[in-house]
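Chain residues, written in single-letter form:
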Amino acid sequence: MGTTYDVTVGIPVYNVEHYIQKCLLSILNQTFDGNLEILVVNDCCTDKTMEIIRELQETHPKGQQIFCHTQSKNLGIGMSRNLIIKKAQGKYLLFVDSDDYITPDCIQKLYAEAEKNQAEVVYGSVKTINTNVELSYLSQPYKVFNKTDELASYAFQNLHENLRNYIWNTLFLVSFLKEQQLEFPQSRFHEDVIFSTDMVPLVTKAILLPDVTYYYVIRNNSLSNLQGRNTINLQEIMEFIDIYTYVKNKNQSLKGKPYYEARCARSMTQMLYIVSGLIKNRKIITPALTNKTIKDAMKHPASLLEIMTFKRYKMANLAFYVLGVLPGWLTVFIITVIAKYKHLL
């Protein structure tokens, strides 16, 4: 099936009346001269978000580029993004979170690189914003990947985060998403982590750009912010553990890949940081978080026999394996010592 637009911009919205106008104006006022489709998915807003969007549809010179869809009930950002993938009529798709905004030349830069290199994915760089103050620059080098496993090997070349796992500010080839049947899970947060976990090993052509094309706005009341809480429900904690358990267990389907051993160590390191945060906040988690739950979270996806054959990160993977088989109380004790040494507690 052919495409009607050059680029579709997908924006899930839920009660963002204070942010949506700035977000949409940054898209409507792009320097991009191609055909643009803006898909807004209303996840059952109860504030004035949709009124603001309708006003822009009627008053902005490019308001006719905005198309709205409404969910039957509040399903979360992941399900809204899945609907956007299904409805997108553009050759490429760019997700923008409704409380963020993009640079005037964002789409032009990402689109030009995608077309030039026939890329499946193009990543722009990001600046973070807190109450209109620029905090940091999430930069990356200019890189072109053209081979199977090349992007994933770069992402997991060591234990550092060389490739971010959020999916906004990333231009996707829509046919790639649909052919690979990529979709988001129904989760309240970190749904992009699972999406990226599934996607990166499938990419054969990708671009990293050092150019800042996106402003990520940090909100104290956003779903991803768990700071300053008096109590945290255990169910919420289990969702976090389940997400990163999925990430580490994904390794089982990647055996034989050149980055497999590093990815095992990296995913276990991620889980260690997650568990350290849980131990730090353990007193306010209700019902109580058990030692067994923490131990189970640290279970290594590979067997001891397999780890002994590793050429890279053997000792790190062995250490993580041991943490997953010790008695729960001892696992927690050792992680507590490590976390204090790393200044995580």
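Residues numbered from 1 in each chain as written. Predicted model: local features only at pLDDT ≥ 70, side-chain atom pairs only at ≥ 80, totals over all residues. Heavy atoms only, no water.

## Brief notes about the overall build of the chain
Phase 1 of the analysis: Along the backbone of the chain there are 13 helices and 12 strands.
Phase 2 of the analysis: Rg of the C-alpha trace for the chain: 21 Å, near the compact-globule value of 20 Å for 345 residues, within the 12% margin.
Phase 3 of the analysis: Considering only C-alpha atoms, the chain reaches an extent of 65 × 45 × 35 Å along its principal axes.
Phase 4 of the analysis: Every one of the 345 residues in the chain was classed for burial, and the buried ones make up 52%.
Phase 5 of the analysis: Of the charged side chains in the chain, 37 are positive and 32 negative; the average position of the first set lies 10 Å away from that of the second. (Helix = DSSP H or I, 4+ residues; strand = E, 2+ residues; numbered from the N terminus. Rg over C-alpha atoms; globule rule 2.2 N^0.38 Å. Buried < 20%, exposed > 50% of the residue type's maximum accessible area, 1.4 Å probe, protein only. Lys, Arg positive; Asp, Glu negative; His and termini not counted. Charge placed at Lys NZ, Arg CZ, Asp CG, Glu CD.)

## Details of a nonpolar patch on the surface
Phase 1 of the analysis: Together, Trp329, Phe333 and Val337 give the surface a local cluster of nonpolar side chains, amounting to about 360 Å² of exposed area.
Phase 2 of the analysis: In this fold, Phe333 is placed in helix H13 (residues 328-341). (Patch = residues over 30% accessible without salt bridge, like charges linked within 9 Å, V, L, I, M, F, W, Y side chains within 5 Å. Areas by Shrake-Rupley, 256 points an atom, 1.4 Å probe, with all protein chains shown as cover. Salt bridge = Lys/Arg side-chain N within 4 Å of Asp/Glu carboxyl O.)

## Some words on the pattern of salt bridges
Phase 1 of the analysis: Going through the model one piece at a time under the given rule, you end up with 9 salt bridges.
Phase 2 of the analysis: Here Arg81 ties to Glu191 by a salt bridge, and the two come within 2.7 Å at their closest N and O atoms. Of this pair, Arg81 sits in helix H3 (residues 77-87) while Glu191 sits in helix H7 (residues 191-199), placing them 110 residues apart in sequence. Both residues of the pair, Arg81 and Glu191, count as buried.
Phase 3 of the analysis: Its salt-bridge partner being Asp198, residue Lys250 comes within 3.3 Å of it at the nearest N-O pair. Of this pair, Lys250 sits in the loop between helix H8 (234-249) and helix H9 (260-280) while Asp198 is found in helix H7, placing the two residues 52 residues apart along the sequence.

## Quick notes on empty space enclosed by the protein
Phase 1 of the analysis: Across all of its chains, the model carries 1 cavity of 30 Å³ or more by this definition.
Phase 2 of the analysis: Quantified by volume, the largest cavity comes out at close to 200 Å³.
Phase 3 of the analysis: Taken together, 16 residues form the lining of the largest cavity, with Phe156, Asn165, Ser196, Thr197 and Gln270 sitting closest to its centre.
Phase 4 of the analysis: Taken together, the elements giving at least two residues each to the lining of the largest cavity come down to H7 and H9.
Phase 5 of the analysis: The biggest single contributor to the lining of the largest cavity is H9, with 4 residues.
Phase 6 of the analysis: In terms of residue class, the lining of the largest cavity is built from 7 nonpolar, 5 polar and 4 charged. (1 Å grid on protein atoms, 1.4 Å probe; cavity = no way out; pocket = protein on both sides within 12 Å on 5 of 7 lines; lining within 4 Å. Points joined across faces, edges and corners; volume = space filled by probe spheres on them. Nonpolar A, V, L, I, M, F, W, Y, C, P; charged D, E, K, R; others polar.)

## Observations regarding the environment of Gly63
Phase 1 of the analysis: Mapped onto the fold, Gly63 is located in the loop between helix H2 (49-59) and strand S3 (66-70).
Phase 2 of the analysis: Residues Gly63 and Ile53, 10 residues apart in the sequence, show an inter-C-alpha distance of 9.0 Å.
Phase 3 of the analysis: Those residues in contact with Gly63 that lie beyond four places of it in its chain are Leu56 and Gln57. (Contact = heavy atoms within 4.5 Å.)

## Describing H3
Two residues of an α-helix separated by three or four positions point the same way, owing to the 3.6 residues in each turn.
Phase 1 of the analysis: Counting buried positions along H3 gives 8 out of 11 residues, so the element sits mostly inside the fold.
Phase 2 of the analysis: All buried positions along H3 are accounted for by Gly78, Met79, Ser80, Arg81, Asn82, Leu83, Ile84 and Ile85.
Phase 3 of the analysis: Where the residues of H3 are buried, they touch strand S1 (5-13), strand S2 (36-42), S3, strand S4 (90-95), helix H6 (174-179) and H7.

## Things to note about the environment of Met298
Phase 1 of the analysis: Structurally, Met298 can be placed in the loop between helix H10 (291-297) and helix H11 (304-307).
Phase 2 of the analysis: With 183 residues separating them along the chain, Met298 and Glu115 place their C-alpha atoms 43 Å apart.
Phase 3 of the analysis: The residues contacting Met298, other than those within four sequence positions of it, are Met268, Met271, Leu272, Val275, Phe320, Leu323, Gly324 and Ile335.

## Concerning the nonpolar core
Phase 1 of the analysis: By size, the foremost hydrophobic cluster in this structure holds 71 residues, and its most contacted members are Ile11 and Met199.
Phase 2 of the analysis: Excluding residues that lie within four positions of it along the chain, Ile11 makes contacts with Ile20, Cys23, Leu24, Ile27, Ile38, Leu39, Val40, Val41, Ile84, Val96 and Ser98.
Phase 3 of the analysis: Counting 27 residues, the second largest nonpolar core, distinct from the first, contains Ile243, Val275, Val332 and Ile335. (Core = buried A, V, L, I, M, F, W, Y, C linked by side-chain atoms within 4.5 Å.)

## Some remarks on the pairing of strand S10 (residues 206-217)
Phase 1 of the analysis: Buried residues dominate S10, accounting for 9 of its 12 residues.
Phase 2 of the analysis: Here strand S5 (residues 101-102) pairs with S10 via 2 bridges, running antiparallel. The residue of S10 that forms the bridge with Ile102 is Tyr214.
Phase 3 of the analysis: Where strand S6 (residues 121-130) meets S10, 8 bridges bridge the pair, whose relative direction is parallel. What sits directly across from Val122, in S10, is Ile207.
Phase 4 of the analysis: Alignment of strand S8 (residues 143-145) against S10, held across 3 bridges, turns out to be antiparallel. Each residue of the ladder has a partner; that of Val144, found in S10, is Ile207. (Pairing = 2+ DSSP bridges.)

Any link to function would need more than the numbers given here.
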